[in-house]
Amino acid sequence: GDVSIPADIVEEVARLYGYQNLAFRPPVISLTAPIVQPNVRLERRLKEALALRHGMREVWSYPWVADRYLEASGLEPPTLVLAHPPSPDAARLQTSLVPQMLRMISENLRFFSSFRLFELNRIFLDTDWRRGPGGEDSLPEQAKHLVGAMVGADPATLFLEAKGVIEGLPRAVQMAALELGPGRAPWADPGGCLAILHQGAPIGALGVLSAKTRDRAGIRISHAALFELDVSALSPHRSRENRIEALPEYPEIDYDLSVLVDRTISWARVQELLADIDPLIRRIVFLDEYTGPQVGEGCKSITLRMTLGSSERTLVREEVDAVAERVVQRIRSELGATVR
């Protein structure tokens with residue numbers, strides 16, 4: 001059989017024989033493609049986008065949830081229970097990250113009145129049981145979820161901020177687009193809740209905490225807007241196309257416009273309507289929305305900002321007014337809006 005010779009004896013023999021008499025044998029280098037883990041990159045980019053772009057602080061919680069915050073969330077009680085829980089009222093494994101986020105909001109309100117938090121962690125579902133990689137006991141399905149919270153004084157502002165985070169995630173983390181549509185969540189106010197959709201299927205919810213949820217969770221000083229989505233359902237892009245746009249040679253002009261529309265008309269509808277109305281329009285962004293006695297019942301005032309520019313010349317006032325007139329005419333004809 002093979003005999004193992006100690007390394008120091010081999011070295012001594014080679015020295016006596018002469019290193020110069022040993023033939024050179026180049027090492028064998030195997031060139032293989034790098035291991036690409038899109039899901040791992042996606043999770044890292046999600047955290048970076050929330051922390052660096054939106055100023056949110058990452059938190060981390062235990063997988064078991066206290067009964068008080070589970071009841072406050074309105075979610076169905078989890079079926080998975082720890083055999084030896086840390087306390088009698090914290091024996092259930094979480095099926096959502098919302099209850100733990102409610103606890104963190106309640107505890108942090110003792111020190112701050114406004115803040116932003118997020119957590120990317122596992123949930124435990126009593127489905128799809130599988131053996132572990134080493135053949136150990138079966139394990140339940142452990143999907144990864146992302147939850148975020150905007151805490152402050154004005155619920156409408158918090159809702160719009162959370163909505164902006166969700167709408168900007170696909171571009172920031174290089175993944176398939178997300179959509180927002182009508183939806184409900186047991187912890188959200190029915191009048192301020194949207195479903196988060198991926199390829200037409202719901203993967204989460206966005207909404208303002210209801211008064212009932214806030215009261216049960218001990219959140220009485222501030223309001224909060226939450227979003228939760230299933231990270232396991234997201235589709236990361238393997239690459240992206242980078243386009244380089246030259247800086248404008250001629251100055252751009254910002255034109256603000258406020259219009260009265262029916263309260264049921266969304267900003268996305270207005271933006272879609274004006275997207276291709278004139279080649280001089282570079283961008284159209286939402287600035288503000290107002291509802292109140294000054295605009296009448298059933299109506300709202302939307303303020304938008306158009307950025308106009310040309311790559312050939314500096315625009316004059318008459319050209320800007322002509323574009324604004326075309327915008328007003330289309331809004332009037334299509335939406336029945338009036339200019340404030």
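Position labels on residues start from 1 in each chain and follow its written sequence. A pLDDT threshold of at least 70 governs which residues receive local features in this predicted model, and a stricter bar of 80 or more applies before side-chain atom pairs are shown or counted, although totals over entire chains, interfaces and linings include all residues. Computation of side-chain values covers all heavy atoms of the structure but excludes hydrogens and water.

A.B. asks: Would you mind showing me how to read the nonpolar core here?
C.D. replies: Take the buried Ala, Val, Leu, Ile, Met, Phe, Trp, Tyr and Cys residues and link them wherever side-chain atoms come within 4.5 Å; each set so joined is a nonpolar core. The classification of residues rests on relative accessible area computed with a 1.4 Å probe and restricted to protein chains. Under 20% of the type maximum is buried, over 50% is exposed, and intermediate values are partly exposed. Judged by nonpolar contacts, the single largest core of 29 residues is most densely connected at Leu-46, Leu-146, Leu-169, Phe-227 and Leu-234. At the level of elements, helix H2 (38-53), strand E4 (115-122), strand E7 (144-152), helix H5 (155-173), strand E9 (188-198), strand E10 (201-209) and strand E11 (223-230) are the ones that each hand at least two residues to this core. Looking at which element gives the most residues to this core, the answer is H5, with eight residues. With sequence-adjacent residues up to four places away left out, Leu-146 is seen in contact with Leu-46, Leu-50, Leu-97, Phe-118, Glu-119, Leu-120, Phe-227, Glu-228, Leu-229 and Val-231. Core analysis: the next-biggest nonpolar cluster, separate from the first, contains 27 residues, Tyr-69, Ala-72, Trp-187 and Cys-193 among them. Working definition: helices are DSSP H or I runs of at least four residues, strands are E runs of at least two. Numbering for both runs from the N terminus. For this analysis, residues touch if any pair of their heavy atoms sits within 4.5 Å.

A.B. asks: In this structure, what is going on with the packing of helix H7 (residues 267-274) against helix H8 (residues 317-335)? I would like to understand it.
C.D. replies: Angles here are taken between N-to-C directions and fall from 0 to 180 degrees, while the axes themselves are lines fitted to C-alpha atoms, restricted in helices to the stretch in contact. Axis separation between H7 and H8 bottoms out at 10 Å; the angle between their running directions is 125°. Compared by their axis directions, H7 and H8 come out oblique. At the point where H7 passes H8, the crossing takes the right-handed sense. Here H7 contributes Arg-269, Val-270, Leu-273 and Leu-274 to the contact with H8, which in turn contributes Val-327, Arg-330, Ile-331, Glu-334 and Leu-335. Note on terminology: angles under 35 degrees are roughly parallel, angles over 145 are roughly antiparallel, angles of 65 to 115 are roughly perpendicular, and the others are oblique. By definition, any crossing whose near helix is turned counterclockwise from its far helix by less than a right angle is left-handed, and any crossing with a clockwise turn is right-handed.

A.B. asks: I tried to follow the sheet that holds strand E12 (residues 253-262) on my own but got confused; where do I start?
C.D. replies: Two strands are said to pair when DSSP picks up at least two bridges between them. Strand order in the open sheet formed by four strands is E13-E14-E12-E15, and the pairing between neighbours is antiparallel. With partners counted over all chains shown, the strands left at the sheet margins are strand E13 (281-290) and strand E15 (338-339), one partner each. Taken together, the eight bridges between E13 and strand E14 (residues 299-308) define a ladder with antiparallel strand orientation. Within the sheet, the bridge partner assigned to Ile-284 lies in E14 and is Met-306.

A.B. asks: I keep staring at the pattern of salt bridges and nothing clicks. Help me out?
C.D. replies: Pairing of side chains with opposite charge becomes possible as their charged atoms draw close. A side-chain nitrogen of Lys or Arg and a carboxyl oxygen of Asp or Glu constitute a salt bridge if their distance falls within 4 Å. Applying the stated criterion across every chain, the model contains 17 salt bridges. Linking Glu-252 and Arg-283 is a salt bridge whose minimum nitrogen-to-oxygen distance equals 3.1 Å. Placement of Glu-252 in the loop between E11 and E12 and of Arg-283 in strand E13 is noted, with a sequence separation of 31 residues between them. Residue class for Glu-252 comes out partly exposed when judged on its relative accessible area of 30%. For Arg-313, the salt bridge goes to Glu-312, with nearest N and O atoms at 3.9 Å.

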